[in-house]
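# Topology and contacts: notes
Here's the letter readout for the chains.
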Amino acid sequence: MPTPFADSIGTPGQPWGPAEIARWRARQVRQRSHADDVLAPLARLPAPFDAFRYGELVVGDDRYPLMAVRVGTWQPGLPGVLVTGGVHGYETSGVRGALHVLDHQAEAWAGRVNLLVVPCVSPWGYERIQRWNADAVDPNRAFREPSPAPEAAALMRLVAPWRGQFSAHIDLHETTDTDESEFRPALAARDGQPFVPGSIPDGFYLVDDAANPQPAFQQAIIEAVAQVTHIAPADARGEIIGSPAVAPGVIRYPFTALGLCAGLTGARYATTTEVYPDSPRTTPEQCVAAQAAAVQAVLGFVVADRLRQPGEAAGAAQAPT
């Protein structure tokens, strides 16, 4: 059923224009602090972590530093790994999962991978627990040129000099009940389309790249996460969220064609995680642990892959600046 929010903005059947977007933006209320939840933990990171600003997001009077973290001394020949969280600001476990990796896992991988972590790509959306950015644009459909989302454009600029030199990219997401109760009805209202109800998968799943499928990589992540929380089963049609399950807990989307963050680097190994924090079978803490387990599996897979192919120098030649 469409929410009052979706019903009360715009005219049914007509896409939103600037006036409707402005009305929608005016209703978004800050509910948490990017400075307290993200910037403060990054400021406390010790050596060998290097937290640096790669841009600034400006929305009206609000200014948000866009932060990334290098781990250790970047070395030629090591595989590059990018971890991104908070592309959708409301997906809390992605942000918390990226920060957990920095606090508890990342240092152990220094000298084995060139690790770059961007914990919160969309700080305006994070503070308002919102999927879209301030222009009612979904950042995770905006990783294309020219990008309609400044959050996506800033991350694209950061990664551009090393595009294709990363071995792996893991983009941390979650699917919540509000996807069905709020965000999908809102999307239909924004685009002037009828709302078609769907369902939310109960459990963790992954999105692989349809243009570059890597089943062994995805399976390694699923096996690791299954030790932490349950994997989403396919529905009666053999689908997860409307897409065929190609393996337990794995579906495929065309990353580049859809403008998804996971296609950003051109990495051989790329994935989007999805956890379900509203499941009665899990907790928010388990969802964070699942994100961290997924990252750990990616790092382990990439290091093992490099050992299997010692002649390949699959890493960034230099550290991002």
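The coordinates are above.
## Considerations on the sheet that holds strand β9 (residues 250-253)
- Read across the open sheet, the eight strands follow the order β1-β2-β4-β3-β5-β10-β6-β9; overall the sheet is mixed. In the strand order of this sheet, the two ends are held by β1 (49-59) and β9, each with one partner. When the angles between neighbouring strand axes are averaged without regard to direction, this sheet yields 20 degrees.
- Here strand β6 (residues 205-209) pairs with β9 via four bridges, running parallel. Each bridged residue has a counterpart across the sheet, and for Asp 208 the counterpart in β9 is Arg 252.
- Sitting on the sheet, helix α10 (residues 284-308) touches β3 (80-85), β4 (114-118), β5 (166-174) and β10 (269-275), and the angle it makes with β5 is about 170 degrees.

## Side note on the packing of helix α8 (residues 215-225) against α10
- Packing of α8 against α10 brings their axes to within 8 Å, and their N-to-C directions diverge by 140 degrees. Classed by the angle they form, the pair α8 and α10 counts as oblique. Judged by the twist between their axes, the crossing of α8 over α10 is right-handed. Here Ala 216, Phe 217, Ala 220, Ile 221, Ala 224 and Val 225 of α8 come into contact with α10, specifically with Ala 290, Ala 293, Ala 294, Ala 297, Val 298 and Phe 301.
- Class assignment for the residues of the contact of α8 with α10 results in 12 nonpolar, no polar and no charged.

## Overview of the pattern of salt bridges
- Going through the model one piece at a time under the given rule, you end up with 18 salt bridges.
- The residue Arg 25 makes a salt bridge to Asp 135 at a minimum N-O spacing of 3.3 Å. Taken together, the residues span a long stretch of sequence, with Arg 25 in helix α2 (residues 18-26) and Asp 135 in the loop between α5 (123-128) and α6 (150-159) at a distance of 110 residues.
- Arg 25 sits in the partly exposed class, given a relative accessible area of 31%.
- A residue is classified by how much of its surface remains accessible, and Asp 135, at 37% relative accessible area, is partly exposed.
- Each member of the salt-bridge network shares a partner with another, and the members are Arg 30, Asp 62, Glu 127 and Arg 128.

Cut-off values and rules
Residues numbered from 1 in each chain as written. Predicted model: local features only at pLDDT ≥ 70, side-chain atom pairs only at ≥ 80, totals over all residues. Heavy atoms only, no water. Pairing = 2+ DSSP bridges. Helix = DSSP H or I, 4+ residues; strand = E, 2+ residues; numbered from the N terminus. Axes fitted to C-alpha atoms, helices over the stretch in contact; angles between N-to-C directions. Contact = heavy atoms within 4.5 Å. Parallel < 35°, antiparallel > 145°, perpendicular 65-115°, else oblique. Left-handed = near helix turned anticlockwise from the far one by under 90°. Nonpolar A, V, L, I, M, F, W, Y, C, P; charged D, E, K, R; others polar. Salt bridge = Lys/Arg side-chain N within 4 Å of Asp/Glu carboxyl O. Buried < 20%, exposed > 50% of the residue type's maximum accessible area, 1.4 Å probe, protein only.

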